[in-house]
Amino acid sequence: MNKLQPLAAKQLCRRCDPNQFEFDTTAELQDGQEIIGQDRALAAIQFGMDMSHDGYNLYVLGPHGTGKYTAVHQYLEQRAIQEPVPDDYCYVFNFDQPHKPHALRLPSGYAGQLRTAMQKLVEELFTVLPAAFTSDEYLAQRKVLEQEYKSHQTQALEDLREQAKKLNIALMQTPNGFAFAPLKDGQVVSPDEFLQFSSAEQQEIETQVLALQDSLQTIMQQIPHWQREAQQKLKQLNIKVADFSIGPLFTEVRQAYSALPAVLAYLDAVRKDVVENVTAFIEDEDEEGVGMALSQPVKIRTRYQVNVIIDNHDLQGAPVVDEDQPRYPNLVGRVEHVSQMGALLTDFTLIKPGALHRANGGYLVLDARKLLNQPYAWDGLKHALRKREICIESLGQAYSLISTVSLEPEPIPLDMKVILLGERVLYHLLCQYEPDFSELFKVSADFEDDMPRTPENNLAYALLIAALVHKEGLRHFERTAVARIIEHSSRQAGDAEKLSVHMQTMSDLMREANYWAGESGHELIGVADVEKALAAQKYRSNRVNDRLQENMLRDTLLIDTSGAVVGQVNGLAVYATGQTTFGKPSRITARVRMGKGEVIDIERQVEMGGPLHSKGVMILAGFLGARFAAERPFPLSATLVFEQSYGGVDGDSASSAELYALLSALAEVALKQSLAVTGSVNQLGQIQAIGGVNEKIEGFFELCQARGLTGEQGVLIPQANVKHLMLHQDVVTAVAAGKFHIYPVTTVDDGIELLTGMPAGELDADGNFAVESVNGRIVNRLTKWAKKQRDFANPPRLKSE
């Protein structure tokens, strides 16, 4: 039996030598990059931003705290400053279709100027037009038109009166209108006198009156015509006067926008509308007549306003917009309403922009999870990117939920890059279940979790620490403190040969070390301050761990750390509570009996075991069958269970421990309870790497330390996990003193020999195991069981007399 040697203390934690640094404190260092170890992701970001074709938007994936947000914003800000400032956009009144406001595109800064110019123009119109229509010249021309109209009517009536007078008939105006009466000696004949006329005279007078009445009727029918002519002439006069009065005002505004045809066309439409509705400028706007004069139900001051949607005059370069609340209206914009007398009213001045408007011509950064959590927000973004335009409409309009008439603003062309930040799982789900996603987001920037631990990267880490010190005004770090942070970074990465690039965690540690340095009155942050910060972090989050250990020490949870028991082994598991992970031992037991060659996983039977754990049990069953039943029966029925397990169990890291418990139960050889085991096993009996090796070792060590280290306790780990070891100093110290041991195991046979103190046994030339070996004892027992099964199946027959 080859005795497996435990690891030396120096193999348990790769120290960072502070003497490799040429500085004493970070005060001597220049600021480094805030993002390190992400060359692949940064190259993808640059590629995505450089591609000008449709669909080359960017999804930045990776865990939180790796610097995705910082890297994206740093790159975009550096890039955006070198790009041209995008154009402004504004909405104006559509005089032809009021419910469809026009969108005007203007060079940067011009939209605000146009708004101011139109406000000034309207104010001047309310001064110039009333003055023009109260001038002596206008009043004189209007008086001429009125007199012309009156003269037509007066002259016609006077001619009729003279015609009647020649016939001795008078034309009289009464309260009920005009009337004719006969005259005698220049006096109107009374009715009694008229009756004294002869019948011939009466008949003649009545005939003459009827003819005169026809002439009067003709005149009365011409009066509306003369009135319309007068009104038309007055309207032409008003148009002429209004157009002449406002001409200089519009000419001045047009000169400022002579290079913008769309603005000139809008100004022409405004001028035409002002002329047509000139009465609104010379009457009280609150009078009923004003509303009657307007062709649209929009107040005169409102209809000539300019609603600036995008104003980039303050920008230097392209915009970079980070929308923290990507709700549908926050993305595509909205049309607001005001309540008046119980009714909701709106107009083009109540159109409000969204993030797509603000980022148009630049870059929009969104959190993928927040975007997908908002109803219809993803659909709104997809529609805008596919159509390459921003169409503002309410959800009720978009999905035909309401039938009321609302505004339909003219869509605005869209030219921008969208960057989504999110987890890897969201990216893969979108790729699989959202057909449009791969067409719209063709570039992914995948951020690394760690980077190689090299002298160059150690220095980069030091420069990163210096950058954070300067950025946040922290105390400077001694180089020994820098070395300790680098060691902790390797611990966070779970690999002695790697450094974590989870910058958020490292930044929090630096801030907390700065706090403890201040509490201790230190001018510089030393290694003791970093250790204090780490210890405080552990203490704050260690309640569950402490309660579990307390239950083990009080034998509420049964875990042995001494002695030897058949079919019982200490497995190791990792627990996660929030952002804290820790390891603790779990008792695993196995029971065997004659059966049909099956291994029953009790956790799986009661649906408490996950698929990976079940897979591990099936693999170890495959190993047992291949080793002990390749050419002989396998009359085994075994049960495996995690004792006192009240939650779920998943993962295959305990499969080697379960196998050791089975081998022990089959061989009837006790396993040392002073040792704990972790590692998965394959069907060839090789021990494979697992995760959380540091936490598992420390969890068992803490229990042993609390009960008292005997020098016999230790942990079996896979050989492949040795490079991942970054253990706490108390574990390293105990190993150096020979009070605790860590054994790297390569095969199942290595582990069973350590746990039992008995040779595992190898096949000899005849294909048999040594009798006094674990494998030999198992074969011997299985052979006995097989014979018993045959005997039970074929009992001896009784001889008849």
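Preceding this paragraph is the structure being described.
All of the points below concern the structure found in this document. (Residues numbered from 1 in each chain as written. Predicted model: local features only at pLDDT ≥ 70, side-chain atom pairs only at ≥ 80, totals over all residues. Heavy atoms only, no water.)

1. What to know about the overall build of the protein
Thinking step 1. Along its length, the protein carries 29 helices and 30 strands.
Thinking step 2. In terms of C-alpha radius of gyration, the protein reaches 48 Å, well past the compact-globule figure of 28 Å for 801 residues.
Thinking step 3. For the protein, the spread of C-alpha atoms along the principal axes amounts to about 175 × 95 × 50 Å.
Thinking step 4. For the protein, the proportion of its 801 residues judged to be buried stands at 47%.
Thinking step 5. Summarising the internal contacts of the protein: among those between residues at least 6 apart in sequence, 76% fall at separations of at least 24.
Thinking step 6. Total accessible area computed for the protein in this model is approximately 41,200 Å², and 50% of it derives from carbon and sulfur atoms. (Helix = DSSP H or I, 4+ residues; strand = E, 2+ residues; numbered from the N terminus. Rg over C-alpha atoms; globule rule 2.2 N^0.38 Å. Buried < 20%, exposed > 50% of the residue type's maximum accessible area, 1.4 Å probe, protein only. Contact = heavy atoms within 4.5 Å. Areas by Shrake-Rupley, 256 points an atom, 1.4 Å probe, with all protein chains shown as cover.)

2. Some remarks on the packing of helix 1 (residues 39-50) against helix 2 (residues 68-80)
Thinking step 1. Between helix 1 and helix 2, whose axes approach to 11 Å, the crossing angle comes to 40°. Classified by the interaxial angle, the pair formed by helix 1 and helix 2 is oblique. The two elements helix 1 and helix 2 cross, and the hand of that crossing is right-handed. In contact with Leu42, Ile45, Gln46, Met49 and Asp50 of helix 1, helix 2 contributes Ala71, Val72, Tyr75, Leu76 and Arg79.
Thinking step 2. In terms of residue class, the contact of helix 1 with helix 2 is built from 7 nonpolar, 1 polar and 2 charged. (Axes fitted to C-alpha atoms, helices over the stretch in contact; angles between N-to-C directions. Parallel < 35°, antiparallel > 145°, perpendicular 65-115°, else oblique. Left-handed = near helix turned anticlockwise from the far one by under 90°. Nonpolar A, V, L, I, M, F, W, Y, C, P; charged D, E, K, R; others polar.)

3. Things to note about helix 29 (residues 774-793)
Thinking step 1. Given a rise of 1.5 Å per residue, 20 residues ought to cover 28 Å, and the 29 Å separating the end C-alpha atoms of helix 29 matches this to within 8%.
Thinking step 2. Three or more residues of helix 29 are buried, namely Val774, Asn775, Gly776, Ile778, Val779, Arg781, Leu782, Trp785 and Ala786.
Thinking step 3. Summarising the contacts, the buried residues of helix 29 are in contact with strand 22 (580-594), helix 24 (611-628), strand 24 (636-642), helix 25 (655-667) and helix 28 (748-756). (Expected span 1.5 Å × (residues − 1).)

4. Observations concerning unusual backbone geometry
Thinking step 1. Positioned with a positive phi, Tyr376 is a non-glycine residue whose angle comes to about 70°.
Thinking step 2. Note on placement: Tyr376 falls in the loop between helix 13 (368-373) and helix 14 (377-387).
Thinking step 3. The residue Asp555 is not glycine, and still its phi comes out positive at about 60°.
Thinking step 4. Residue position: Asp555 is located in the loop between helix 22 (543-553) and strand 20 (564-566).
Thinking step 5. For Asp555, a relative accessible area of 48% corresponds to the partly exposed category.

5. A closer look at the packing of aromatic side chains
Thinking step 1. Under the counting rule described, the total for this entry stands at 19 aromatic pairs.
Thinking step 2. On the numbers, 5.8 Å between centres and 80° between planes, the contact of Tyr59 with Phe437 is edge-to-face. On the criterion of sequence distance, the pair formed by Tyr59 in strand 1 (residues 58-61) and Phe437 in helix 17 (residues 437-440) is long-range, its members being 378 residues apart. Accessibility classification places Tyr59 together with Phe437 in one group, the buried group.
Thinking step 3. For the ring pair Tyr515 and Trp516, a centre distance of 4.9 Å and an interplane angle of 75° mean the geometry is edge-to-face.
Thinking step 4. Among the aromatic residues, those joined into a ring-pair cluster are Phe93, Phe95, Phe126, Phe281, Tyr304 and Phe348.
Thinking step 5. Geometry around Phe126 places Arg301 over its ring, the cationic atom sitting 4.1 Å from the centre. (Phe/Tyr/Trp six-rings, centres within 6.5 Å; stacked < 30°, edge-to-face > 60°. Lys NZ or Arg CZ within 6 Å of the ring centre and 35° of its normal.)

6. Thoughts on the packing of helix 25 against helix 29
Thinking step 1. Packing of helix 25 against helix 29 brings their axes to within 8 Å, and their N-to-C directions diverge by 60°. In terms of orientation, helix 25 lies oblique with respect to helix 29. Handedness of the helix 25/helix 29 crossing: left-handed. Between helix 25 and helix 29, the contacting residues are Leu663, Ala665, Leu666 and Ala667 on the first element and Val774, Arg777, Ile778, Arg781, Leu782 and Trp785 on the second.
Thinking step 2. When the residues that make up the contact of helix 25 with helix 29 are grouped by side-chain class, the tally is 8 nonpolar, no polar and 2 charged.

7. With respect to the pairing of strand 2 (residues 88-92)
Thinking step 1. The buried fraction of strand 2 amounts to 5 of the 5 residues, a majority that puts the element mostly inside the structure.
Thinking step 2. Side chains Asp88, Cys90 and Val92 of strand 2 all project onto a buried face; the interleaved residues Tyr89 and Tyr91 project onto the opposite face, where all are buried too.
Thinking step 3. Bridging between strand 2 and strand 3 (residues 102-106) involves 5 bridges; their strand directions are antiparallel. In the strand pairing of strand 3, Val92 is matched with His102. (Pairing = 2+ DSSP bridges.)

8. So, the sheet that holds strand 3
Thinking step 1. Pairing within the open sheet is antiparallel, and its 3 strands lie in the order 3-2-7. The open sheet has two edge strands, strand 3 and strand 7 (307-310), and neither has a second partner. Averaged over neighbouring strand pairs, the angle between their axes works out to 30° when direction is ignored.

9. Re the environment of Arg593
Thinking step 1. Relative to the elements of secondary structure, Arg593 occurs in strand 22.
Thinking step 2. Classification of Arg593 as partly exposed rests on a relative accessible area of 40%.
Thinking step 3. Linking Arg593 and Lys387, residues 206 residues apart in sequence, is a C-alpha distance of 70 Å.
Thinking step 4. Beyond its immediate chain neighbours, meaning those up to four positions away, Arg593 contacts Pro635, Leu636, Ser637, Thr639 and Trp785.

10. A look at the state of the cysteines
Thinking step 1. For the structure shown, the criterion picks out 0 disulfides.
Thinking step 2. No disulfide involves Cys90; its nearest neighbouring cysteine sulfur is the one of Cys391, lying 18 Å away. (Disulfide = S-S within 2.5 Å.)

11. Notes on the pattern of salt bridges
Thinking step 1. Tallied over the entire structure, the rule returns 38 salt bridges.
Thinking step 2. Taking the shortest distance from any N to any O, the salt bridge between Asp560 and Arg587 comes out at 3.1 Å. Of this pair, Asp560 sits in the loop between helix 22 and strand 20 while Arg587 sits in strand 22; the two residues are 27 residues apart in sequence, bridging distant segments of the chain.
Thinking step 3. One salt-bridge network, held together by shared partners, links Asp379, Lys382, Arg386, Glu434, Asp436 and Glu439. (Salt bridge = Lys/Arg side-chain N within 4 Å of Asp/Glu carboxyl O.)

12. Structural notes on the environment of Arg303
Thinking step 1. In this structure, Arg303 sits in helix 10 (residues 300-303).
Thinking step 2. Residues Arg303 and Lys723 lie 420 residues apart in sequence; the distance between their C-alpha atoms is 74 Å.
Thinking step 3. A polar side-chain atom of Arg303 sits 2.9 Å from a polar atom in the side chain of Asp273. (Polar contact = N/O pair within 3.5 Å; in protein donor to acceptor, adjacent residues only side chain to side chain.)

13. What to know about the side chain of His724
Thinking step 1. Position of His724 relative to the elements: it lies in the loop between strand 29 (714-718) and helix 27 (729-736).
Thinking step 2. Relative accessible area serves as the criterion here: at 15%, His724 is assigned to the buried category.
Thinking step 3. Side-chain polar atoms of His724 contact the side chain of Asn721, separated by 2.9 Å.
Thinking step 4. Beyond its immediate sequence surroundings of up to four residues, His724 is in contact with Gly494, Asp495, Ala496, Val693 and Asn694.

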